[in-house]
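Survey of secondary and tertiary structure
So you can see what is in the structure, the chains are spelled out below.
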Amino acid sequence: MHLDPFELHEPATVEEALELAGTLSGKFDYLAGGTDLLPNYKMHINLRPHLISLERVSELRGVSSNRIGAMTRLAEVEESPDLSRAYPGVAEAVREVATPLVRASGTVGGNLLLETRCFFFNQTYPWRQSLGFCLKADGDRCHVVPQKERCYATFSGDLAPALAALEAEVEVAGPSGRRRMPVEHLYNAAGDGILRLSLVPGEIVVAIHFPESARRARSAYTKLRVRPSFDFPELGVAAAVWGAAEAPEKVRLAIGGLETYPRRFDEDTDALAGAPLTDARVRTVAEAVTRRVRPVHNTFLPPDYRRRMTEVFVRRTLSRVRAPNGSVAA
Ligand SMILES: Cc1cc2nc3c(=O)[nH]c(=O)nc-3n(C[C@H](O)[C@H](O)[C@H](O)COP(=O)(O)OP(=O)(O)OC[C@H]3O[C@@H](n4cnc5c(N)ncnc54)[C@H](O)[C@@H]3O)c2cc1C
Ligand code: SF4
């Protein structure tokens, strides 16, 4: 595997980066830590002749309990005592991303925007060529769900569910100015594994912002993966609970690693507000969520197993955060 030549651009401000993006429209990718993008380039997946590095843009840096800049390294988030104290679920999710080496380079923005994954896609050019290319790169059909319309590649980031459960917002800057939206709206729920984001071309992720209320939540993240030291999530469940266990004000659940986007389940968890989070009520929600999710066979573990584990992991994660000491009378 080798990296083809590309031209590297190094703007110093968001505005300069956006100007370059306008000039190079359709022929560039933004480059953050490169831990997701460059391995894909080495496999000749969706190459662009220009890379706009965000490394020198100081506005994208910094981590506090209110804000995380998009170019903040995952290791910096992991090492922030303020953030770990305020949002245990985020700290747990970050610690579970890849390896210490990847976390030293990989950024928060890159983690939110990492490419969706599929074992027919994350392969070398000759491997993909020998089977016949697919919709997501170079081809016109899907090998997972045989048809020519939709890609089912899986969203496999750990951070997005943890942030979505806490109702964090993402700030983006683009050709028409800046806007903020809930983290889960960064993803295109009506799209697929290719049309996976709601960003307009050229938009940059600037930062994550935590609402004041996030600090009052108890949060946790539980991840299923094959090799605990290394692998992408086959399922990642984030939960947050506000208020007393006997009568929680609000419960939020967000899940990644199963579908093309990280998904929240407010329609199920809203029913948990106002009454004790007993084992029976937690189980009812876990079963309802499990009925809704639709993993396909494009990661290591079979979809039926991932679905069954969804129920187990939702129960476990909610049980960990339902009360300060984790227990409530059934
Ligand atoms: C061995 C290995 C294991 C891994 N395991 C995991 C894992 O367990 N969990 C997990 O979540 N991830 C995992 N990853 C994926 C990845 O390394 C991390 O998600 C990392 O955080 C990506 O960040 P990056 O800065 O390197 O992104 P990059 O590779 O630089 O960029 C990723 C994408 O985001 C875009 N982008 C980056 N920043 C911005 C921005 N600010 N604005 C607009 N676009 C932007 C890029 O154009 C690119 O499309 C793994 C990677 C490797 C190599
Ligand atoms: S889900 Fe189908 S189209 Fe998408 S990457 Fe996999 S094989 Fe390709």
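Reading the values: the criteria
Residues numbered from 1 in each chain as written. Chains lettered and ligands numbered in written order. Predicted model: local features only at pLDDT ≥ 70, side-chain atom pairs only at ≥ 80, totals over all residues. Heavy atoms only, no water. Phe/Tyr/Trp six-rings, centres within 6.5 Å; stacked < 30°, edge-to-face > 60°. Buried < 20%, exposed > 50% of the residue type's maximum accessible area, 1.4 Å probe, protein only. Helix = DSSP H or I, 4+ residues; strand = E, 2+ residues; numbered from the N terminus. 1 Å grid on protein atoms, 1.4 Å probe; cavity = no way out; pocket = protein on both sides within 12 Å on 5 of 7 lines; lining within 4 Å. Points joined across faces, edges and corners; volume = space filled by probe spheres on them. Nonpolar A, V, L, I, M, F, W, Y, C, P; charged D, E, K, R; others polar. Near = heavy atom within 4 Å. Polar contact = N/O pair within 3.5 Å; in protein donor to acceptor, adjacent residues only side chain to side chain. Areas by Shrake-Rupley, 256 points an atom, 1.4 Å probe, with all protein chains shown as cover. Domains from an automatic or database assignment.

1. Re the packing of aromatic side chains
- All chains considered together, the criterion is met by six aromatic pairs.
- Between the aromatic rings of Y125 and F133, the centroid separation amounts to 5.1 Å while the plane-to-plane angle is 50°, which identifies the pairing as tilted.
- A relative accessible area of 17% places F133 in the buried class.
- Between F155 and Y187, the aromatic rings sit 5.0 Å apart at their centres with planes inclined by 65°, giving edge-to-face as the arrangement. Here the residue F155 occupies a position in the loop between α8 (125-131) and α9 (159-165), and Y187 occupies one in the loop between β6 (177-182) and β7 (204-209), the gap between them amounting to 32 residues.

2. Digging into empty space enclosed by the protein
- This structure, assessed with the given rule, holds two cavities of 30 Å³ or more.
- When its volume is computed, the largest cavity comes out at roughly 90 Å³.
- Lining the largest cavity are 14 residues, and of these C118, C134, C142, C151 and Y152 sit closest to its centre.
- Residues belonging to the lining of the largest cavity are distributed by class as follows: nine nonpolar, two polar and three charged.
- If you trace the second largest cavity, you find it lined by I255, G256, G257, L258, E259, Y261, R263, F265 and V293.
- Residue classes in the lining of the second largest cavity are distributed as five nonpolar, two polar and two charged.

3. Overview of the site of ligand 1
- Looking at ligand 1, there are 32 residues lining it, with Y30, G34, T35, T107 and D158 nearest.
- A distance of 2.7 Å separates an oxygen atom of ligand 1 from a polar atom in the backbone of G33.
- The separation between an oxygen atom of ligand 1 and a polar main-chain atom of D36 is 2.9 Å.
- Look at ligand 1: alone it shows 970 Å² of surface, and the protein chains cover 92% of it.
- Of all elements in the fold, only α7 (108-113) and β7 reach the threshold of two or more residues within the shell around ligand 1.
- Top element by residues in the shell around ligand 1 is α7. It accounts for four residues.
- Of the residues that constitute the shell around ligand 1, the class distribution is 16 nonpolar, ten polar and six charged.
- Formed jointly, the shell around ligand 1 draws a minimum of three residues from each of two domains, domain 1 (57-212) and domain 2 (221-321).

Purely geometric stuff here, so don't read any function into it on its own.
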